[in-house]
There are 2 protein chains.
Amino acid sequence: MAKELTTRSENYSQWYLDLVNKADLAENSAVRGCMVIKPYGYAIWEKMQAQLDRMFKETGHSNAYFPLFIPKSFFSKEAAHVEGFAKECAIVTHYRLKNDPEGKGVVVDPEAKLEEELIIRPTSETIIWNTYRNWIQSHRDLPILINQWANVVRWEMRTRLFLRTAEFLWQEGHTAHATKEEAIEETLKIINLYAEFAEQYMALPVIQGVKSENERFAGAVETYCIESLMQDGKALQSGTSHFLGQNFAKAFDVTFANKEGTLDYVWATSWGVSTRLMGALVMAHSDDNGLVLPPRLAPIQVVIVPIYKKMEELARISEKVDELIPKLKAKGISVKYDDNDNKKPGWKFAEYELKGVPVRLAMGPRDLDNGTVELARRDTLTKETVSFEGIETVVEKLLEEIQESIYNKALNFRNENIRKADTWDEFKQILEEKGGFIAAHWDGTGETEQKIKEETKATIRCIPIEQEAEAGKCIYSGKPSSGRVLFAIAY
Amino acid sequence: MAKELTTRSENYSQWYLDLVNKADLAENSAVRGCMVIKPYGYAIWEKMQAQLDRMFKETGHSNAYFPLFIPKSFFSKEAAHVEGFAKECAIVTHYRLKNDPEGKGVVVDPEAKLEEELIIRPTSETIIWNTYRNWIQSHRDLPILINQWANVVRWEMRTRLFLRTAEFLWQEGHTAHATKEEAIEETLKIINLYAEFAEQYMALPVIQGVKSENERFAGAVETYCIESLMQDGKALQSGTSHFLGQNFAKAFDVTFANKEGTLDYVWATSWGVSTRLMGALVMAHSDDNGLVLPPRLAPIQVVIVPIYKKMEELARISEKVDELIPKLKAKGISVKYDDNDNKKPGWKFAEYELKGVPVRLAMGPRDLDNGTVELARRDTLTKETVSFEGIETVVEKLLEEIQESIYNKALNFRNENIRKADTWDEFKQILEEKGGFIAAHWDGTGETEQKIKEETKATIRCIPIEQEAEAGKCIYSGKPSSGRVLFAIAY
């Protein structure tokens, strides 16, 4: 193996960082907390973007672009929003540099101070609702269904590649509606869309639910989320969709004449997923040999490695491979033929394992004689010798099988790691020994939630949407509860 | 017409702003100099992006992402770069807000001051070359062919939607090479790619050339550009590709072991086009009725408008249209059927003219009886009645014809507006009376160039690559010159 990884059992957290670095996904930059997303990592992100963008457009949304900067005063307009957000952020105070009078490079020109400071957007509700005010007069101007692909900045103190960075990339949807019902419908439509994307493309099983008040987005009436489970038993919030009620419309005075001709405030939603999903993708499926990518998001789905001693053998192998490549491409399969003569096959095998290429084909002189090829699966690390004839159809089916298999593996793991706890001792014991999700009764108060968090670091990940009503007693306070919620220690 | 535009002859500049606003391309935001790109404008930009991205990938480039922030000290590392760039930019000095002790919203927390200020990237050479230092050790690590789609900020004092905004969207390519020849080849490959994109997709004829030293990118050895002409006779720089020599490698100490095993500095290029192209697209082709979009970049290529009085007629028309739409879509044509009952056909005609939809089909009861449809071209504003049978093939060919015709119209206009001037008086007279490009002899000095600019506002747009050698005398200084350069007043 060219590049040694820390193993998961040794140190899960270090394994993750090693993998992100060595598989060329991302690295830390010279700017504290900001990452460089490297070409291989960005190629995966582009596949995610392309699919999400398709799904947004199929559901009637359009893309647009709003400014990076938000005037400071906008943040104080929505009271809950400013409490939840405005504190840790990047603030632009000046607009000019000048040569250092002492000759040491450049300094900030003190005369170029902005009258009002500008905040780099941590999220765009405020600037967007300030804009919507001019776009909306009548119910005929509604709904507005807009999404934006953008960078945002939150000045996080502790950062970790993809999972929590000062600058990250995301999409943020911001919709405006004439009725409460329609806005709620949109909120749910999107959380469903996110769940479908996570499960069908990322092969990541998710639980849909509602956030408790403490965990709700600042300014939202209700926050829906998808929660997933990583291999170390920690949960990861993978996407959120907020029903914002009329809060932002009231803060920015956005009214419309409804069908009855009277003025009403507009109803809002917002929703987003980010490059955080890259972290989820890595942590959910990968192993001690490197990435395991679901075929639908793999930049390279099939790699072909020639095994040869003499150049004449390489030529004969290449001839066969040149026949195969167009057949694979015709099926929409992305394929790379690595005939680089500077590296040994063993090095290449390890490299493509590290990079998570789902299928590897290896071909040597004996395969040529026998009309065979060696077919290896990244997810199971199994290999078999199969007939070269018709291999493109075998590969096509195998890619689908791998996609499903990776999902099922993650689903089994997730399901095995949802445990019920009925007492406080049981709750603490499961958390300590096993992690995962704990389904437990809760009395519904923020106070209890806060105490549980302080004592165990576990938070309520969500109140699942699909949930049986069940009377019980809060594991912490003993007060009555009407259903279980999901606790976990989260990223 | 629903929304009146200022005419071009009345006030070209106002016509442009009216059009950008009324056709829903973009608008000014609450933040000085920053624009909101509205969904219709963004849809055009997405078509540009998709095509450019395809072309970059076909030529071996990958996308990546580098931080928004650049440490202030990075700017002073490349001397010419800091002189040309670092002055007007957005500067982050603090990272936290706090509640105003006097209760008035939020204020900047003076305790959260950054040790070193961060500059919002005006361009990313510095942060990227600082990163490349760790990526490059040997000639085997080269070339690096990376592109980034990003937002950048330059604190412009006078802004104008798309053409010059404080924040804009662009792509910036940054490549690293082992040899000077290879880097120059890359620089030229990209300027050719830009020219192909402008001509084939934007229907915008361009002249490829080299910038004079005064107009060169800060830090470049040579800047190649494509220059286009707007309908008011002003030139617009539409893309640049820079050969950076070893300047940034030296500034950021990026060396590699070459094939001979000795250390050498890496050779660099950078290149970009931006949302400025949206301004070029609007100004090159549009007319007093609104946008004229080349079909290859039009979000809606064909609009179908039903003409009816009774709902039963609408039903019959819709039935025919429902047959047609899948046939158009099968040919990859984007089509909108506007059966909105709240608007009259005349209003719709004007609206889609304003939006630049290349082809309009209108269908009334008489057309149903006759098996016909009315076909209107946006570019020429002509219409004719044609057979409904096989209309999809007619439309397909017409879209190609329109694409070509818009290009040829712009090409003729551009060619008619390149004039030779052999004396200073002639030069000034052409500039004043006609505008356009002036091909004139120049003595090659920055001094003369500067004086011409001061006296006439005209600048050297480029020294064309395809150019006959011709001995002559500088129109300003009378000194000898070996070839003509192109002057113009530019956006």
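Residues numbered from 1 in each chain as written. Chains lettered and ligands numbered in written order. Predicted model: local features only at pLDDT ≥ 70, side-chain atom pairs only at ≥ 80, totals over all residues.

A. Fine view of the overall build of chain A. For chain A, the helix and strand inventory stands at 14 helices and 26 strands. Taken along its principal axes, the extent of the C-alpha atoms in chain A is 80 × 70 × 55 Å. Buried positions account for 48% of the 491 residues belonging to chain A. Pairs at least 24 apart in sequence give 68% of the contacts found in chain A among residues at least 6 apart. (Helix = DSSP H or I, 4+ residues; strand = E, 2+ residues; numbered from the N terminus. Buried ≥ 20, exposed ≤ 12 C-beta atoms within 10 Å, placed from the backbone. Contact = placed C-beta atoms within 7 Å.)

B. The domain arrangement of chain A, seen in detail. Residues and elements named next belong to chain A. Per the domain assignment, the segments of chain A are domain 1 (12-285), domain 2 (300-405) and domain 3 (418-488). For domain 1 versus domain 2, the separation of C-alpha centres amounts to 40 Å. Domain 1 puts 4 residues into the contact, and the matching count from domain 2 is 4 residues. Here the side of domain 1 that touches domain 2 is composed, by residue class, of 3 nonpolar, no polar and 1 charged. (Domains from an automatic or database assignment. Nonpolar A, V, L, I, M, F, W, Y, C, P; charged D, E, K, R; others polar.)

C. View of helix H8 (residues 276-285) of chain B. Summarising burial for H8(B): 10 of the 10 residues are buried, a large majority. Listed as buried for H8(B) are B:Arg276, B:Leu277, B:Met278, B:Gly279, B:Ala280, B:Leu281, B:Val282, B:Met283, B:Ala284 and B:His285.

D. Highlighting the relation of the copies chain A and chain B. With an RMSD of 0.0 Å, the operation that places chain A on chain B is a rotation of 180 degrees combined with a shift of 0.0 Å along the axis. Between the two chains, the operation in question is that of a two-fold axis. Residues of chain A ranked by C-alpha distance from the rotation axis are headed by A:Val92, positioned 2.1 Å from it. Interface overlap between copies is the fraction of interface residues in one copy that are interface residues in the other; for chain A against chain B it reaches 100%, indicating a shared surface. (Least-squares fit on C-alpha atoms with pLDDT ≥ 70 in both.)

E. Region of interest: the interface of chain A and chain B. On the chain B side, the residues contacting the 51 residues of chain A number 51 residues. Examining the composition of the side of chain A that touches chain B, we find that 11 residues originate from one element, strand E5 (residues 88-99) of chain A, more than from any other. Of the residues belonging to the side of chain A that touches chain B, the class tally is 31 nonpolar, 11 polar and 9 charged. Both E5(A) and strand E5 (residues 88-99) of chain B contribute to a ladder of 5 bridges, which runs antiparallel. (Pairing = 2+ DSSP bridges.)

F. Expanded view of helix H6 (residues 180-200) of chain A. All names here are of chain A. Under the 1.5 Å per step criterion, the end-to-end length of H6 is 30 Å for 21 residues, consistent within 8% with the ideal 30 Å. Taken together, the buried positions of H6 are occupied by Ala 183, Glu 186, Thr 187, Ile 190, Ile 191, Leu 193, Tyr 194, Ala 195, Phe 197 and Ala 198. Buried positions along H6 lie against helix H2 (39-58), strand E9 (167-177), strand E10 (207-210), strand E11 (222-229), strand E12 (235-245) and strand E15 (267-274). (Expected span 1.5 Å × (residues − 1).)

G. Region of the structure containing the pairing of strand E26 (residues 484-488) of chain A. Residue and element names in this part refer to chain A. Most of E26 is tucked away, with 5 of its 5 residues classed as buried. The pairing of strand E22 (residues 437-441) with E26 spans 4 bridges and is antiparallel. Paired with Ala 439 across the bridge in E26 is Leu 486.

H. Focus on the packing of helix H9 (residues 311-330) of chain A against helix H12 (residues 391-416) of chain A. Residue and element names in this part refer to chain A. Two elements in contact, H9 and H12, have axes whose closest approach is 9 Å; the angle formed by their N-to-C orientations is 40 degrees. It follows that H9 is oblique to H12 by the angle criterion. The hand of the H9/H12 crossing is right-handed. The residues of H12 that touch H9, namely those facing Leu 324, Lys 327 and Leu 328, are Ile 391, Glu 392 and Val 395. Among the residues forming the contact of H9 with H12, the class breakdown is 4 nonpolar, no polar and 2 charged. (Axes fitted to C-alpha atoms, helices over the stretch in contact; angles between N-to-C directions. Parallel < 35°, antiparallel > 145°, perpendicular 65-115°, else oblique. Left-handed = near helix turned anticlockwise from the far one by under 90°.)

I. Layout of the sheet that holds E9(A). All names here are of chain A. Ordered in space as E3-E8-E9-E15-E12-E11-E10-E23-E26-E22-E21, the 11 strands form an open sheet in which the pairing is mixed. Looking at strand neighbours, the two that pair on one side only are strand E3 (62-63) and strand E21 (418-420), the edges of this open sheet. As paired elements, E12 and E15 share 5 bridges and run antiparallel to each other. Residue pairing across strands places His 242 opposite Ser 270, the latter belonging to E15. Against the sheet, H6 touches E9, E10, E11, E12 and E15, its axis set at about 165 degrees to E12.

J. Seen up close, the environment of B:Phe248. Residue and element names in this part refer to chain B. Assignment of secondary structure puts Phe 248 in helix H7 (residues 247-251). Here Phe 248 falls in the buried class, since 27 other C-beta atoms lie within 10 Å of it. In the structure, Phe 248 is positioned 170 residues away from Glu 78 in sequence and 6.6 Å away in space, judged by C-alpha atoms. Ignoring anything within four residues of it in the chain, the contact list for Phe 248 reads Glu 78, Glu 125, Trp 129, Gly 219 and Ala 268.

K. Just the pairing of E12(A), in detail. Residues and elements named next belong to chain A. Of all the 11 residues making up E12, 10 are buried; the element is thus mostly covered by neighbouring parts of the structure. Pairing geometry for E11 and E12, over 8 bridges, is antiparallel. Bridging across to E12, Thr 223 finds its partner in His 242. Connecting E11 to the next strand, E12, in antiparallel fashion are 5 residues, including Gly 233 with a positive phi near 85 degrees.

L. Molecular detail of the sheet that holds strand E23 (residues 459-464) of chain B. Residues and elements named next belong to chain B. Spatially, E3-E8-E9-E15-E12-E11-E10-E23-E26-E22-E21 is the arrangement adopted by the 11 strands of the open sheet, whose pairing is mixed. The two strands at the open ends of the sheet, each matched to only one other strand, are strand E3 (62-63) and strand E21 (418-420). Looking at chain direction, E23 and strand E26 (residues 484-488) are connected through 3 bridges and run antiparallel. Paired with Ile 460 across the two strands is Phe 487, which belongs to E26.

M. Region of the structure containing the environment of B:Gln231. Residues and elements named next belong to chain B. Tracing the sequence through the fold places Gln 231 in the loop between strand E11 (222-229) and strand E12 (235-245). Residues Gln 231 and Val 282, spaced 51 residues apart in sequence, show a C-alpha to C-alpha distance of 10.0 Å. Ignoring sequence-local partners within four residues, the contact set of Gln 231 consists of Arg 8, Met 283 and Ala 284.

N. Fine view of unusual backbone geometry. A:Pro143 follows A:Leu142 through a cis peptide bond whose omega is -5 degrees. Following the sequence through the fold, A:Pro143 ends up in the loop between helix H5 (125-135) and strand E8 (144-153). A positive phi is found at A:Lys457, a non-glycine position, where the angle reads about 70 degrees. Here A:Lys457 lies in the loop between helix H14 (446-456) and strand E23 (459-464). At B:Asp253, a position not held by glycine, the phi torsion is positive, near 55 degrees. Here B:Asp253 shows up in the loop between H7 and strand E13 (255-257).

O. Focus on the environment of A:Val82. Tracing the sequence through the fold places A:Val82 in helix H4 (residues 79-85). Overall, A:Val82 belongs to the buried group, with 21 C-beta atoms counted inside 10 Å. The spatial distance from the C-alpha of A:Val82 to the C-alpha of A:Gly219 is 8.4 Å, given a sequence separation of 137 residues. Once you skip the residues sitting within four places of it in the chain, A:Val82 turns out to touch A:Phe75, A:Ser76 and B:Val106.

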